[in-house]
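A structural walkthrough
Now for the letters of each chain:
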Amino acid sequence: MAEVCSIADLRDSARRRIPRAIFEYADHGSYNEATLRANRADLDAIGLRQRVLIDVSDRTLATTLVGEAATMPVAIAPTGLTGLFHRDGEIEGALAAEEFGIPFCLSTMSICSIEDVRAAASKPFWFQLYVMRDRGFAASLIERAKAAECSALVLTLDLQIQGQRHRDLKNGLTVPPKLTLANALDIARRPGWALSVLRGKRRTFGNLAERVPGGDSLTTLSQWIAGQFDPSLSWKDVDWVRSLWPGKLILKGVLDEEDAKIAASCGADAVVVSNHGGRQLDGARSSISALPRVVDAAGGRLEILFDGGVLSGQDVLKALALGAKGCLIGKAFLYGLAAGGRGGVLQALDIIRRELDVSMALTGTRSVQDVDNRVIAHP
Ligand code: GLV
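All values reported here derive from a predicted model rather than from experimental measurement.

Below, the discussion takes up helix α1 (residues 7–17). What α1 keeps buried is the set Ile7, Leu10, Ser13 and Ala14. All buried residues of α1 project into a common sector of 115° when viewed along the axis, lining one side. In the core, the buried residues of α1 are packed alongside α2 (20–27) and α15 (331–362).

Written as structure tokens, this is what we have:
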């Protein structure tokens, strides 16, 4: 294989290895993808200041994320269907994060269950929760996360109703999934993926399977899920989750300063500034342009995490400079996973680590703790 230098190389490799419907589920956004593009364009538009003759021989990327030590200011984002990108993908991701020394967040919509990952992992991981119509089910997921000793609960706020992703409709990755002729041919061209993923622990939503009658079928479960997103979700539900979960609580999907102010007074430990990777409200502002506003509104009362288009160490540096304590990576993680399983995820993390380290040095910065808007050109 050609030299892998960047996340873009891992993306190319992922595209060749896995069925198109699955690759495009990760790669695309909602509607016209204006927000997806803005996430990237606005990060690219930020300039960094080149500084010279500052002794940067001794550098450190070590930090803490919601109080947990991390070897760099990055965590693996919760992503749906991860176990379809690679056999037992959630377990591979958790083990890669463990080896690298950063947090891993498991999605409610994962293929491997909380218990599957708990059994394989030796360190606590984060669990991402969707509060669905069936509140009893949400409460049971919180109990399962407690039993698995998850170290943080990440409550997603921005998917109370689903934005439409055209690629998923066209590819038959719908509710229920459609096995089109094109899909079948595409899968047939990737026998390595099919043989491997189909031999994995599970092939359906692991956290939901036992709850739903007929839950061993991806189709039945997908139908159940579609009816379960709850547009009535409100801040009262956040209070309810807070009352059930005594550990670290991270609210994901805060993009607006008004919401950040409310979040700061509801007992959460952190927020993730996020537009769901451009997968929900198309037309929402880019995550990076929202970040400084959320930081201001939170007024030091919340730890600020960031996601939305982070594909390099330079992107991480820019987010830190604008006030984030750390970044979550979704797409970069899935490209690495699809390209090479646990090794591919480690490769993705190492690429980002090296880019962040070199960019810090070239901006005259020794420690991630020292990064602020002085590294930005014309802040
Ligand atoms: C799920 O959270 C998704 O964005 O597909």
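It is worth spelling out the site of the ligand at this point. As a matter of local geometry, the ligand sits amid Tyr25, Tyr130, Arg165, His276 and Arg279. Contact between the ligand and Arg165: an oxygen atom at 2.6 Å from a side-chain N or O atom of the residue. Here the ligand, which alone exposes 190 Å², has 86% of that area covered by the protein. The class makeup of the residues in the shell around the ligand is two nonpolar, one polar and two charged.

Let us now look at the nonpolar core. Nonpolar side chains in soluble globular proteins tend to be buried together. Phe85, Phe127, Leu129, Leu251 and Phe306 are the most contacted members of the largest nonpolar core, which totals 109 residues. Per-element tally for this core: the top contributor is α15, with 15 residues. In this structure Phe85 touches Ile18, Ile22, Tyr25, Ala26, Gly80, Trp193, Leu334, Leu337 and Ala338, once residues within four positions along its chain are discounted. If you look at the next biggest cluster of nonpolar residues, it comprises 14 residues, including Leu65, Val66, Cys105 and Leu305.

Under the definition given, this model contains 20 salt bridges. Measuring nitrogen to oxygen at the nearest pair gives 3.5 Å for the salt bridge that ties Arg242 to Asp269. With a gap of 27 residues between them, Arg242 in helix α11 (residues 235–244) and Asp269 in the loop between α12 (257–264) and β8 (270–273) connect regions that are remote in the sequence. A residue is classified by how much of its surface remains accessible, and Arg242, at 21% relative accessible area, is partly exposed. Close ionic contact of Asp350 with Arg354 constitutes a salt bridge, the shortest N to O distance being 3.0 Å. Of the two residues, Asp350 and Arg354 are both situated in helix α15; the distance of four residues between them amounts to about one turn of the helix. Where salt bridges share partners, they join Arg40, Asp44 and Asp315 into one cluster.

Now for unusual backbone geometry. The residue Tyr31 is not glycine, and still its phi comes out positive at about 45°. Examined against the element boundaries, Tyr31 turns out to sit in the loop between α2 and α3 (34–44). A relative accessible area of 37% places Tyr31 in the partly exposed class. The phi dihedral of Asp88 is positive, around 50°, even though this residue is not glycine.

Topologically, Asn207 is positioned in the loop between α9 (191–198) and α10 (218–226). C-alpha separation for the pair Asn207 and Gly83, spaced 124 residues apart in sequence, amounts to 12 Å. Aside from chain neighbours lying at most four places away, what touches Asn207 is Ser107, Thr108, Ser110, Cys112, Ser113, Ile114, Phe127, Phe137, Leu141 and Arg144. Among the polar contacts listed, one links the side chain of Asn207 to the side chain of Ser110, at a separation of 3.1 Å.

Procedures and definitions
- Residue positions are given per chain, counting from 1 as you read along its sequence in written order.
- At least 70 in pLDDT is required for a residue's local features to be given in this predicted model, at least 80 for side-chain atom pairs to be given and counted, and no such filter applies to totals for whole chains, interfaces and linings, which use all residues.
- Water and hydrogen atoms play no part in the side-chain values, which are based on all heavy atoms of the structure.
- Exposure is judged per residue with a 1.4 Å probe applied to protein chains only, and the accessible area is read against the type maximum: over 50% gives exposed, under 20% gives buried, and values in between give partly exposed.
- Helix and strand labels come from DSSP, where a helix needs a run of H or I of at least four residues and a strand needs a run of E of at least two; each type is numbered from the N terminus.
- Starting at the helix axis, one direction is taken to each C-beta atom, and the arc is that of these directions.
- Contacts between residues were defined by any pair of non-hydrogen atoms, one from each residue, lying within 4.5 Å.
- The rule for a residue being near a molecule or strand is that one of its heavy atoms must lie within 4 Å of it.
- A 3.5 Å cut-off defines polar contacts: any pair of N or O atoms within that distance qualifies, except that in protein one atom must be a possible hydrogen donor and the other a possible acceptor, and neighbouring residues in sequence count only when both atoms are side-chain atoms.
- Exposure was quantified through the Shrake-Rupley algorithm and a 1.4 Å probe, taking into account, for residues, occlusion by the shown protein chains and nothing else.
- Note on residue classes: Ala, Val, Leu, Ile, Met, Phe, Trp, Tyr, Cys and Pro are nonpolar, Asp, Glu, Lys and Arg are charged, and everything else, Gly too, is polar.
- Nonpolar core, defined: a set of buried Ala, Val, Leu, Ile, Met, Phe, Trp, Tyr and Cys residues in which side-chain atoms within 4.5 Å join the residues together.
- Should a side-chain nitrogen of Lys or Arg be within 4 Å of a carboxyl oxygen of Asp or Glu, the pair is scored as a salt bridge.

All quantities given are derived from atomic positions and should not be read as evidence of function.
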